Amino acid sequence: MNNHGMNPYLPSWEYVPDGEPHVFGERVYVYGSHDRFGGYAFCQNDYVCWSAPVNDLTDWRYEGILYTRAEAPHNEDGRQCLYAPDVTRGPDGRYYLYYALNESSVISVAVCDTPAGKYRYYGDVHHPDGTTLGARDGDEMQFDPGVLTEGDTTWLYSGFCPPMMPGRTGAICYRLAADMLTVEQVYPAVVPSVQNAKGTGFEGHAFFEASSIRKVGEKYYFIYSSERSHELCYAVSDHLCGGFTYGGTLVDNGDLGLCGTARYFTGNNHGSIENINGRWYIFYHRHTNSSMFCRQGMMEPIEIMPDGRIPQVEMTTSGPNGAPLPAAALDELPAYAACNLYMTQPPQVNVEAGQNPFPYITQDGADTMPENTDKPTAYIRNLTPGTVVGFKYLDFHGITKVSVKTRGMCYCGGFDVLLTPDGEPIGTAAASSGNEWGWQTSALVIPDGVSAVYFRMKGYGNLSLAAVKFE
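Residues numbered from 1 in each chain as written. Predicted model: local features only at pLDDT ≥ 70, side-chain atom pairs only at ≥ 80, totals over all residues. Heavy atoms only, no water.

Caption draft 1: Local environment of the pairing of strand β9 (residues 146–150). With four of five residues buried, β9 is to be regarded as a mostly interior element. In the sheet, β9 pairs with strand β10 (residues 153–158) via five bridges, with the strands oriented antiparallel. Note that in β10 the partner of L148 across the bridge is W155. The antiparallel hairpin formed by β9 and β10 contains two residues in its connecting segment, where G151 sits at a positive phi of about 65 degrees. (Buried < 20%, exposed > 50% of the residue type's maximum accessible area, 1.4 Å probe, protein only. Helix = DSSP H or I, 4+ residues; strand = E, 2+ residues; numbered from the N terminus. Pairing = 2+ DSSP bridges.)

Take a look at the structure:
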């Protein structure tokens, strides 16, 4: 699957959030949970895996189903979902998938001989006396495992600390034996919860969930979702089991911290960093379908500074490409690749009558799998005057025409086209009205060079946007 290196990096009908990227051999594999389009809860589908060559992050391949809800012990009635997992290569060369079900405080493990084969249940993480981790008095809730193996030792991180739940101390570190299951040592929280962060460098960015661990040079980076939920933060230490200091925000799925107001509708966040072919990336997710339960994987290149700092990156369209997209070379730029989607004025809808006032990315049709031949393409629905759709970044050369593919009704309007969110329009793109998708082309010169581009709806009405084209 090649999409010219756009976010989301997987097909528009795929919903794999909580991405843990790992390079094994010459490919990068992404392990995550699996949302269902139109679902009513997080992670309703089975674990799947996608991979790409390390030298071409535009060419993602579906590897298949790794592990199903029906195969998971502690889920005999099938009511629980498979929450965010992580994978590590063990001392024996096999691959170990650590996971938790949504209603049980147990970290279970499945194993496979290859990174993306069929995983089989191996056991539950437990204390030396056989007591399941999470079942003993004093054990904290087990959730969102993150793992790293060095030599014969595997380090497990786990925790779930919503600000409204007192008594939880933070992200806990566990040293596991070579069997990958037995806890040899429990350490105090490496990153504190809200209740324990006051007066520390973590105050305001305390641990919530989404533990992940990476080694960068001789340092260890702990990546996590903070009390704000929509941002991924990092902490740094010389040691795996403690001494972490707050580093900063890596990414926010509304670009908060970089902008005064959200540039996309925020929700929870989960992901990690990985060195892929000599360049570091952050994997995270966004929310679609006006729902918390339809999340899609995103990725951006990051820069680790000589002093170890990682500046916050913005959400972009071109993240997987690692460079701006060539505007004229694209057959079309799908609307779902927008990295910014927000409103600048109140919607012209009847909220009291139950109309959704917000724009959102969605698809026509049901949830699907790669083997199905009829796959839907996502688009943006519910555009009203003042709604802004933004794409970052494109390389423009010789552009004199802009086309938009829309359906719905738009009166006396179309789109103002801007190169900065708050700048003056450089022209107008007319929009087609009607019940079926239609293209409308307008003469518009875009200055040569690398730039973002924003389409701000004007006039009156309600539109859906499928794609734009530059010629």
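Caption draft 2: Spatial organisation of the pairing of strand β24 (residues 378–383). Burial analysis of β24 places five of its six residues in the buried class, which makes it a mostly covered element. Bridging between strand β23 (residues 360–363) and β24 involves four bridges; their strand directions are antiparallel. For Q363, the partnering residue across the bridge sits in β24 and is A378. Where β24 lies against strand β29 (residues 449–470), two bridges are found, and the strand directions are antiparallel. Considered in β29, the bridge of L383 is made with L463.

Caption draft 3: Region of interest: a nonpolar patch on the surface. On the surface, a nonpolar cluster with roughly 320 Å² of combined accessible area is contributed by M409, Y411 and Y460. Judged by relative accessible area, which is 48%, Y460 ranks as partly exposed. (Patch = residues over 30% accessible without salt bridge, like charges linked within 9 Å, V, L, I, M, F, W, Y side chains within 5 Å. Areas by Shrake-Rupley, 256 points an atom, 1.4 Å probe, with all protein chains shown as cover. Salt bridge = Lys/Arg side-chain N within 4 Å of Asp/Glu carboxyl O.)

Caption draft 4: Broad picture of the sheet that holds strand β19 (residues 295–301). Here three strands make up an open sheet; going across it, the order is β17-β18-β19 and the pairing antiparallel. Of all the strands in the sheet, the pair left with one neighbour each is β17 (272–276) and β19. Taking each pair of neighbouring strands and ignoring which way they run, the sheet shows an average axis angle of 30 degrees. As paired strands, β17 and strand β18 (residues 279–287) are joined by five bridges and run antiparallel to one another. Of the residues in β18, the one forming a bridge with I276 is R279. (Axes fitted to C-alpha atoms, helices over the stretch in contact; angles between N-to-C directions.)

Caption draft 5: Expanded view of the pattern of salt bridges. In this structure the tally under the stated criterion is 19 salt bridges. For D238, the salt bridge identified is with K219, shortest N-O distance 2.5 Å. Of the two residues, D238 sits in the loop between β15 (231–237) and β16 (245–252) while K219 sits in strand β14 (residues 219–226), which places them 19 residues apart along the sequence. Through salt bridges with shared partners, one network takes in D18, D35 and R295.

Caption draft 6: Representation of the sheet that holds β10 within the structure. Here four strands make up an open sheet; going across it, the order is β9-β10-β11-β12 and the pairing antiparallel. Two strands close off the open sheet at either side, each with one partner strand: β9 and β12 (183–192). The average angle at which neighbouring strand axes cross in this sheet is 20 degrees, direction not considered. Where strand β11 (residues 170–176) lies against β12, six bridges are found, and the strand directions are antiparallel. Looking across to β12, one finds that G170 is bridged to P192.

Caption draft 7: Spatial organisation of the layout of surface pockets. For the second largest pocket, the calculated volume is near 280 Å³. The wall of the second largest pocket is formed by 16 residues, among which H22, T88, L148, T149 and R214 lie closest to the centre. Put simply, the parts of the chain that give the lining of the second largest pocket at least two residues each are β1 (20–24), β5 (86–89), β9 and β13 (207–216). A total of four residues in the lining of the second largest pocket trace back to one element, the largest contributor, which is β9. Residues belonging to the lining of the second largest pocket are distributed by class as follows: seven nonpolar, four polar and five charged. (1 Å grid on protein atoms, 1.4 Å probe; cavity = no way out; pocket = protein on both sides within 12 Å on 5 of 7 lines; lining within 4 Å. Points joined across faces, edges and corners; volume = space filled by probe spheres on them. Nonpolar A, V, L, I, M, F, W, Y, C, P; charged D, E, K, R; others polar.)

Caption draft 8: Representation of unusual backbone geometry within the structure. With an omega dihedral of -5 degrees, the bond running from N7 to P8 counts as a cis peptide bond. The omega angle of the peptide bond from K392 to Y393 is -5 degrees, so this bond is cis rather than trans. Summarising the element assignment, Y393 is placed in strand β25 (residues 387–396). In the Ramachandran plot, D18 falls in the positive-phi region, its phi being about 60 degrees despite a non-glycine side chain.

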